[in-house]
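Observations on chain architecture
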Amino acid sequence: MKLLALLCLLAALVARSNAAEKWSYQMGAANGPSNWGNLPGYATCSQGSAQTPINLQWSAATYRTYANNVTFSHGKSTFPFRIVNDGHSVAAFPVNASGVTLTGGPLGSATYRLYNVHIHFGGANATNSEHSFNGTRTVGEFHIVTYNSKFSDIGQAIASNEGNALAVVGTLFNARSTGTIDVGINGFVASAMNLTYSGDQVVDNLNFGQFFSDPDLRNYFAYSGSLTTPACSEVVQWIVVNRIHYVNTATIDSLLSLRTGINETSPGYPLAGNTRPLFPLNSRTLWRTFQVRNRDNYSL
């Protein structure tokens, strides 16, 4: 019985390891970002025409307004999240049905349920945001992922292949040792610093409302795009805040010890650098809800 239990444990670990290795962020690797489209089931990653991320160029964006502001309902609440190293990023999932929904702006009257918050990052001296502002990437980017409430769960939403099945609010961040920091993303990063291996997790209270300010939800880019991980499904309405948030340098550098592997014996590679290359806008329209003359208020 002990031998059987051991064999089952080993099989589970191997399956977990293989799942994590199906695709990776290792540039140049056979399963890395430039080759995702060659992997079974992931052709859209290379053949799609509405891929994310893109360069957010102020001069290329068309100004417009929307009838209603982007709004998170119950978005100022503090509640528990399960924060996990999933082998590709650090993600925070609400422990219970949080009741947080997103609506307004390019989403119109549709409502979107909160799924998770996750980060793409490097160290304080790296540039690993997904999007770039005017050709410049930042230390990292966090995504608030939501899905249209007409679907029962996010899997069903993605499988629908509808262009607005998901809505993601993205925010780029930089690091600094002095000056004001944004407590929302800084607190999230601090909660994740000990999640060394894939599968490590902790439950912690996060103040969801500190991830954004009211001006953030009025000044943003909007465009139709994709998931930034395989299968790169083109089902996302993107809303990218036109303001750089800041984390503490030591706090973001604490994540440099996080690994993609499952334990000390199979450590994988560093989790930092979980970013894919930029893609062309192609025939899509990039919208902005702010006047370019105000861009100095949202500079790098």
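Everything numeric in this text was worked out from a predicted model, so none of it was measured. (Residues numbered from 1 in each chain as written. Predicted model: local features only at pLDDT ≥ 70, side-chain atom pairs only at ≥ 80, totals over all residues. Heavy atoms only, no water.)

Let us look at the overall build of the chain. Within the chain, the secondary structure is distributed over five helices and 15 strands. Counting all 300 residues of the chain, 49% fall into the buried class. Taking the contacts inside the chain whose residues are at least 6 apart along the sequence as the reference set, 74% of them involve residues at least 24 apart. Here the chain has roughly 13,100 Å² of accessible surface; of this, 51% comes from carbon and sulfur atoms. (Helix = DSSP H or I, 4+ residues; strand = E, 2+ residues; numbered from the N terminus. Buried < 20%, exposed > 50% of the residue type's maximum accessible area, 1.4 Å probe, protein only. Contact = heavy atoms within 4.5 Å. Areas by Shrake-Rupley, 256 points an atom, 1.4 Å probe, with all protein chains shown as cover.)

Turning our eyes to something else, we now look at the packing of aromatic side chains. Evaluation of the coordinates by the stated rule reveals 16 aromatic pairs. Taking the centre distance of 5.5 Å and the plane angle of 50° together, the rings of F142 and F211 count as tilted. Of the two residues, F142 sits in strand 9 (residues 140–148) while F211 sits in the loop between strand 11 (201–207) and strand 12 (220–225), which places them 69 residues apart along the sequence. Residue F142 is classed as buried on the basis of its relative accessible area, which comes to 0%. Judged by its relative accessible area of 1%, F211 falls in the buried class. Taken together, F72, F79, F81, F142, F188, F208, F211 and F212 form an aromatic cluster joined through their ring pairs. Here R64 stacks its cationic end above the ring of W287, 5.3 Å away from the centre of that ring. The ring of Y246 carries R176 above its face, with NZ or CZ at 3.6 Å from the centroid. (Phe/Tyr/Trp six-rings, centres within 6.5 Å; stacked < 30°, edge-to-face > 60°. Lys NZ or Arg CZ within 6 Å of the ring centre and 35° of its normal.)

The tally for this structure, following the rule as stated, stands at one disulfide. Covalent S-S linkage joins C45 and C232, the inter-sulfur distance amounting to 2.1 Å. Between C45 and C232, the S-S dihedral sits near 90°, and the bridge is therefore right-handed. Taken together, the positions of C45 in helix 2 (residues 44–47) and C232 in the loop between strand 12 and strand 13 (236–241) put the pair 187 residues apart, joining distant regions of the chain. (Disulfide = S-S within 2.5 Å.)

Once that is clear, we can look at the side chain of Q237. Within the secondary structure, Q237 sits in strand 13. By relative accessible area, Q237 is classed as buried at 12%. Within the local environment of Q237, its side chain forms a polar contact with the backbone oxygen of Y223, the two atoms lying 3.2 Å apart. (Polar contact = N/O pair within 3.5 Å; in protein donor to acceptor, adjacent residues only side chain to side chain.)

By the criterion of burial, strand 5 (residues 90–94) is predominantly enclosed, with five of the five residues buried. Across the two faces of strand 5 the burial is the same, with V90, A92 and P94 and A91 and F93 all buried. Sheet analysis places strand 4 (residues 78–85) next to strand 5, joined by five bridges and oriented antiparallel. The partner of I83 across the bridge, within strand 5, is A92. Between the antiparallel neighbours strand 4 and strand 5 lie four residues, among them G87 with a positive phi of about 90°. Inspection of the sheet shows strand 5 paired to strand 7 (residues 112–121) by three bridges, in the antiparallel sense. (Pairing = 2+ DSSP bridges.)

Moving on to the confidence of the model for the chain. With 89% of its residues at a pLDDT of at least 70, the chain reaches an overall mean of 91. A low-confidence stretch, residues 1–20 stays under pLDDT 50, and its non-local contacts, those more than four residues away or across chains, total five contacts. Confidence drops under pLDDT 50 across residues 295–300; counting only partners more than four residues distant or on other chains, this segment forms 13 contacts. (pLDDT = per-residue confidence, 0-100.)

This part takes up the environment of T289. Within the element layout of this structure, T289 appears in the segment after strand 15 (287–288). A relative accessible area of 14% places T289 in the buried class. Put simply, T289 and T62 are 227 residues apart on the chain and 8.5 Å apart in space, counted from C-alpha to C-alpha. The residues contacting T289, other than those within four sequence positions of it, are Y63, R64, Y66, R218, N219 and Y220. Separated by 2.7 Å, the side chain of T289 and the backbone oxygen of R218 make a polar contact.

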